[in-house]
Amino acid sequence: GHLIFRAILDALDAEGLPDADTIVLSGNSAGGMGMWLHLDWVAGRYEQAEVVGLSIAGYYTWNQAYDGPHAADPKTELPDFSEDSFEGYVELWDAFMDADCEDKQPHRWW
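To start, this report covers the structure provided alongside it. Note that this is a predicted model, so its numbers are computed, not measured.

Turning to the overall build of the protein, a few remarks are in order. Regarding its fold elements, the protein presents four helices and two strands. Mapped in sequence order, the helices and strands of the protein form the string α-β-α-β-α-α. Among the 110 residues that make up the protein, the fraction classed as buried is 26%. Residue pairs in contact within the protein that sit at least 24 positions apart in sequence constitute 60% of those at least 6 positions apart. Split by element, the accessible area of the protein, about 7900 Å² in all, is 56% carbon and sulfur.

Below, the structure is given as structure tokens:
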């Protein structure tokens, strides 16, 4: 996703994006997560602009796996959002991580 997003921004640069005063990023679900992961990176790329983001159902936080009613029902498989699971997600998706975030989270390799 990051390489595609970077290529889109490169194309938009030719259309005048570097002259923008405000850049709004938004995404829904997984796209909302991508917005969070890229917000600081875009702000660093376009320092002249105010860069803001709006995530629509794309904010995942640590929580314990659901073990209530229907937890074993294969029709209601819910993803594991425990802190330990995120390492696997980053690996699986080869996720982009902003260098500033990595520097501020040295206890997490991802």
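Now for the pattern of salt bridges. Tallying each qualifying case throughout the model produces two salt bridges. Members of the salt-bridge network, linked through shared partners, are D10, D13 and R45.

It is worth spelling out the environment of P18 at this point. Within the fold, P18 resides in the loop between α1 (2–13) and β1 (22–28). Judged by relative accessible area, P18 falls into the partly exposed class, the value being 36%. For the pair P18 and Q48, spaced 30 residues apart in sequence, the C-alpha to C-alpha distance is 7.7 Å. Excluding its chain neighbours within four sequence positions, the residues that come into contact with P18 are L12, D13, Y46 and Q48.

Before going further, it helps to spend a moment on the nonpolar core. Counting residues in each nonpolar core, the largest one holds 13 residues, and the members touching the most others are L9, L17, I23, L25, V42 and Y46. Put simply, the parts of the chain that give this core at least two residues each are β1 and α2 (30–45). When residues of this core are assigned to their parent elements, the largest contribution, four residues, is made by α2. Leave out the neighbours within four places in its chain, and V42 touches F5, L9, I23, L25 and V51.

Moving on: the side chain of H2. Looking at where H2 falls in the secondary structure, it is placed in helix α1. Given a relative accessible area of 15%, H2 falls into the buried group. Not counting the four nearest positions on each side in its chain, H2 is found in contact with H38, W41 and F96.

Analysis parameters
- Residues numbered from 1 in each chain as written.
- Predicted model: local features only at pLDDT ≥ 70, side-chain atom pairs only at ≥ 80, totals over all residues.
- Heavy atoms only, no water.
- Helix = DSSP H or I, 4+ residues; strand = E, 2+ residues; numbered from the N terminus.
- Buried < 20%, exposed > 50% of the residue type's maximum accessible area, 1.4 Å probe, protein only.
- Contact = heavy atoms within 4.5 Å.
- Areas by Shrake-Rupley, 256 points an atom, 1.4 Å probe, with all protein chains shown as cover.
- Salt bridge = Lys/Arg side-chain N within 4 Å of Asp/Glu carboxyl O.
- Core = buried A, V, L, I, M, F, W, Y, C linked by side-chain atoms within 4.5 Å.

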